[in-house]
Amino acid sequence: MKIFVDTANIKEIEELVSWGIIEGATTNPTLISREEGDPKDIIKKICELVKGPVSAEVVSQDAEGMIKEARELAKIDEHVVIKIPMTVEGLKAIKVLSQEGIKCNTTLVFTPMQALLAAKAGARYVSPFVGRLDDISSYGMRLIEDILTIFDNYGFNTEVIVASIRHPMHVLEAALMGAHIATIPPKVIRQLVNHPLTDIGIERFLKDWEKVKKR
Ligand code: G3P
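Below is a short write-up of the structure. (Residues numbered from 1 in each chain as written. Predicted model: local features only at pLDDT ≥ 70, side-chain atom pairs only at ≥ 80, totals over all residues. Heavy atoms only, no water.)

**Brief notes about the overall build of the protein chain**
Phase 1: Check the secondary structure of the protein chain and you find 11 helices and 8 strands.
Phase 2: Structurally, the protein chain occupies a C-alpha span of about 75 × 40 × 30 Å along its principal axes.
Phase 3: Sorting the 215 residues of the protein chain into buried and exposed places 45% on the buried side.
Phase 4: Restricting the contact set of the protein chain to residue pairs at least 6 apart, pairs at least 24 apart contribute 58%.
Phase 5: Computed over 27 positive and 30 negative side-chain charges, the inter-centroid distance for the protein chain is 4 Å. (Helix = DSSP H or I, 4+ residues; strand = E, 2+ residues; numbered from the N terminus. Buried < 20%, exposed > 50% of the residue type's maximum accessible area, 1.4 Å probe, protein only. Contact = heavy atoms within 4.5 Å. Lys, Arg positive; Asp, Glu negative; His and termini not counted. Charge placed at Lys NZ, Arg CZ, Asp CG, Glu CD.)

Written out as structure tokens, the structure is:
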């Protein structure tokens, strides 16, 4: 399972890239709105740091507008992937853009059928939002299971990006299910590292090493 970072914060990305585990990044208008500066400069910088797929989202509602925006965003860097919302207009845009060789990530996917339609239109990635389903008392990870089964049944090469991840258990379940990618907020990536027994173990080893040094 590839790990993408779900943020537009350059400092966070810089730090996490230095850990050697980040293979891509996803942004959305909300994440970009939390950072200072020109969105295009932010996307460019993220691409330079991550050197892998970086999703940048269109905000137009009609296919024509989405396509125009997407072509501009794609010029920023070879790593840019266009995030397009799962609507009828979005499907039309995905069809055109994928035929041009511009990779699309269909976002705001909440049902397996939306994912199937996105894959048929030519999306390179789909982003089902698990946390937002959990928020409304639906089982978000069940959606991932269903999409993976459908894509596997018919041999789609569209990759599933598990999105709207809120805690380490989402990441664990995604990996157990064989999801292609998890896009994870920095806070949750940090939570994946820690275990109290690791800390206690280090403390104990260092204490014992003090005895060795006194020999
Ligand atoms: O990748 C999509 C993600 O950013 C949405 O997360 O927490 O706003 O549901 P959230």
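**Quick word on the site of the ligand**
Phase 1: Every residue close to the ligand is listed here: Asp6, Asn28, Lys83, Phe129, Arg132, Ala163, Ser164, Arg166 and Thr183.
Phase 2: Between the ligand and the protein, one listed contact pairs an oxygen atom with a side-chain N or O atom of Asp6 at 2.7 Å.
Phase 3: At a separation of 2.7 Å, an oxygen atom of the ligand approaches a polar side-chain atom of Ser164.
Phase 4: Within the complex, 81% of the 310 Å² of free accessible area of the ligand lies under protein.
Phase 5: Residues of the shell around the ligand, tallied by class, amount to 2 nonpolar, 3 polar and 4 charged. (Near = heavy atom within 4 Å. Polar contact = N/O pair within 3.5 Å; in protein donor to acceptor, adjacent residues only side chain to side chain. Areas by Shrake-Rupley, 256 points an atom, 1.4 Å probe, with all protein chains shown as cover. Nonpolar A, V, L, I, M, F, W, Y, C, P; charged D, E, K, R; others polar.)

**Some details on the sheet that holds strand β8 (residues 181–184)**
Phase 1: With parallel pairing, 8 strands are arranged side by side around a closed barrel as β1-β2-β3-β4-β5-β6-β7-β8. Within the sheet, the average angular offset between the axes of one strand and its neighbour, ignoring direction, is 30 degrees.
Phase 2: As judged from the 3 bridges shared by strand β5 (residues 104–109) and strand β6 (residues 125–128), these two strands associate in the parallel manner. Considered in β6, the bridge of Thr106 is made with Val126.
Phase 3: Its contacts with the sheet put helix α3 (residues 39–50) on β2 (24–26), β3 (54–57) and β4 (80–85), and the angle it makes with β3 is roughly 165 degrees. (Pairing = 2+ DSSP bridges. Axes fitted to C-alpha atoms, helices over the stretch in contact; angles between N-to-C directions.)

**Description of the pattern of salt bridges**
Phase 1: Per the stated rule, a full pass over the model turns up 11 salt bridges.
Phase 2: Between Lys44 and Asp77 there is a salt bridge; the shortest N-O distance is 3.0 Å. Taken together, the residues Lys44 in helix α3 and Asp77 in the loop between α4 (63–76) and β4 connect sequence positions 33 residues apart.
Phase 3: The class of Lys44 is partly exposed, set by a relative accessible area of 31%.
Phase 4: The partner of Glu72 in a salt bridge is Lys75, with the nearest N and O atoms 2.9 Å apart. You can see Glu72 and its partner Lys75 sitting in helix α4, 3 residues apart, about one turn around the helix.
Phase 5: Taken together, the shared-partner salt bridges connect Lys2, Arg124 and Glu159 into one network. (Salt bridge = Lys/Arg side-chain N within 4 Å of Asp/Glu carboxyl O.)

Geometry only, nothing functional implied.
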